[in-house]
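Residue-level listing of the chains:
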Amino acid sequence: MFARFRLLFALAFIAACGQLQATVRYTVTLADPVRHLIQVTMELPAGRDSHELQLPVWNALYQVRDFSQYMDTIRASDLSGSPLQLTQLNKSRWRLTGAEKGARIEYQMFSNDPGPYGAEFNSQHAFFNLAEILVYADDTRGDESAIEFRNIPAGWKTATSLSQQGPYYQAKNYDALVDAPVEMGTFEENDFTSDCGRYRVVVDGTNASSILPKIVPPIQRIVNSATAWMNDCPFQTYTFIYHFGNSQSSGGMEHAYSTAITLPASDIDDLDRFTSVTAHEFFHLWNVKRIRPQSLEPVDYTREDYTDALWFSEGVDTTAADSIRLRAGLLDETHYLDRLGQAITELESRPAHLTQSVEQSSLDAWLEKYSYYGLPERSISYYNKGELLGVLLDLRIRELTHGTQSLRSLFRWLNEHYAKQGKFFADSEGIREAVQQITGADFRDFFDEYVAGLREIPWNSFFFYVGLRVSSIDVEIAHSGFDAVQEFNHLPIVVTVQPASEAEQAGLKPDDELVSINGIAAGRDFERQIEAIGPGGILRLRVRRNGAPLDFQWKLGAQRVKVYRMEDLPSITPEQKTARRQWLYGSSQPNQ
């Protein structure tokens, strides 16, 4: 009798699970891994006669990438298979009519964009940022949605933060659905339970099983430190998806309940960059995903979304992430101050810091896909200056409140007054108002001069509080004779070649892509790779021009540059030592 009851209960449960409540259903069929093709079906319920359909023009990066370029043969029918009229309105938008009895939209997508910002399907694995492959209807964007994956190769597993019901993965609406990347393949996984809940660590790549034991312990320290720093647990399960490869491509993309990160396999030998990227992306689950500028809500998938607050949402995110790493014991004072010196050098060495404010840099983020924009004379980085402004804000807040408030206080205040109330802050002005709330001080000059304005930063007036100063020295470094720019996870690209230089005489040209430098793959640190060769050394450069490899070599010249570094004041007071210790590692103060 008991066995029969258990069987009836199980059958009832299965039947209930089969009654999917989602209004909009997607099916993604992994069709052809060799040609990187997937088939997508979207089903809309009966009701409205017409719908306007949209495939996002951007996602993950602040770049219009027009994902419709990868779409083949879109068509529509009713649920019985009879064709419906689908009228194209622009390159990424369609009007569907005759859909009062429900509709099925079908199309094919080419997916071969690797990394955390793309959609990729091949014989090794599949990874999807779903906004890059899923059309939505304006009128059902806010409705419950579900997605099913079919034709998954034998032995493949699936990892995503979406909840599963039977064969479907579900979300409360389209935005939540596409904010959950999906990894499929023969990945390795190591889960753990710690502060706040369960954490999934998924690794795709060669030697994944040997990588996991090396990265899980620092991840545990990061999540424990971060959740304690924020005193908040806005999730029960969080998923880390890592791709480790042989190229020098690197980057990470934040999501509400997960992150996707791509790094070179060589980073496992020195975990500094690994912990830096991981802490940065994990802290994004608060900053930008929940503590969010009003100008980015709701997401506009049809065009650029402009905000002047990326300096805070991205740059100050790094400030907070480094504070978390310091408290987790993954970064020490010496290395942290060295990083600050490098960051100051980067900003001061770009002539554009005198012509472009960090708010302008935030608004101009949509120009980052153009190589010329990346030149030092044209732009600064909102990541770089934003990180430094986060440090200066932290120091000034501490100084004015005698150490009772800090950058952490600011994030906790924003979390309580915006994120937890479902509200969004008013961009840079909202941050200024929040700082004034926790300090009782007027920060208008700080924001007018350093955030919206172009005033040179008086570094020592900020660092004096913790017994530090910024000094500079002139050093001689290698001069390559060309300028190149590295855009996210793409190869560095040559923008300018100086006339009559050794580089020009060797045959280097603008738009050449740097593949390797003296036999080592060119990546984000390509400038340091060249500097390490030294003046008078031989640069052997492999480039790609119009898809064809070319090799050049020449003798490097020399140039003098100014390098900034952090150093102790000649005489540090006990109060400054205490302030520095609290700044770097926290203290018994409740808001440190």
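The shown structure was predicted, so the numbers you read here are calculated from the model rather than taken from an experiment.

Undergrad: Describe the sheet that holds strand β3 (residues 50–54), listing the residues and the values that go with them.
TA: Strand order in this open sheet of four strands is β5-β6-β3-β10, and the pairing throughout is antiparallel. Taken across any chain shown, the strands that pair with only one partner, and hence form the sheet edges, are β5 (85–90) and β10 (136–137). In this structure, β3 lies alongside strand β6 (residues 93–97), joined through five bridges in antiparallel fashion. Bridge pairing in β6 places Ser50 opposite Thr97.

Undergrad: Please set out the side chain of Glu148 residue by residue, giving values where relevant.
TA: Positionally, Glu148 belongs in strand β11 (residues 145–150). Looking at Glu148, its side chain comes within polar contact range of the side chain of Arg150, at 3.2 Å. Sequence-distant contacts of Glu148, that is, excluding residues within four places in its chain, are made with Tyr26, Thr27, Val28, Pro167 and Tyr168.

Undergrad: Let's hear about the state of the cysteines: which residues, and what values?
TA: Applying the stated criterion to the full structure yields one disulfide. The disulfide partner of Cys196 is Cys233, and the gap between their sulfur atoms is 1.9 Å. Taking the torsion about the sulfur-sulfur bond, which here is approximately -75°, the covalent link between Cys196 and Cys233 counts as left-handed. A residue pair is termed long-range when its members are at least 10 positions apart, and Cys196 in the loop between β16 (188–194) and β17 (197–204) and Cys233 in the loop between α3 (208–230) and β18 (237–245) qualify at 37 residues.

Undergrad: Go over the sheet that holds strand β7 (residues 103–110), please, and point to the residues and values.
TA: Pairing in this open sheet of seven strands is mixed, and the strands run β4-β7-β2-β1-β11-β14-β13 from one edge to the other. Since the sheet does not close on itself, it has two edges, and those belong to β4 (71–77) and β13 (163–165), each with one partner. Here the average twist between neighbouring strands, direction ignored, is 25°. As paired strands, β13 and strand β14 (residues 168–171) are joined by three bridges and run antiparallel to one another. Paired with Ser163 across the strands is Gln170, a residue of β14.

Undergrad: Could you give an account of helix α9 (residues 407–417), with specific residues and numbers?
TA: Across the 11 residues of α9, nine count as buried, placing the element largely inside the fold. Those residues of α9 that sit buried are Leu407, Arg408, Ser409, Leu410, Phe411, Arg412, Trp413, Leu414 and Asn415. Residues of α9 that are buried in the fold lie against α3, α4 (272–283), α5 (310–328), α8 (382–400) and α10 (427–439). Its side-chain oxygen 3.2 Å from the backbone nitrogen of Arg408, Ser406 forms the N-cap of α9.

The rules behind the values
Residues numbered from 1 in each chain as written. Predicted model: local features only at pLDDT ≥ 70, side-chain atom pairs only at ≥ 80, totals over all residues. Heavy atoms only, no water. Pairing = 2+ DSSP bridges. Helix = DSSP H or I, 4+ residues; strand = E, 2+ residues; numbered from the N terminus. Polar contact = N/O pair within 3.5 Å; in protein donor to acceptor, adjacent residues only side chain to side chain. Contact = heavy atoms within 4.5 Å. Disulfide = S-S within 2.5 Å. Axes fitted to C-alpha atoms, helices over the stretch in contact; angles between N-to-C directions. Buried < 20%, exposed > 50% of the residue type's maximum accessible area, 1.4 Å probe, protein only.

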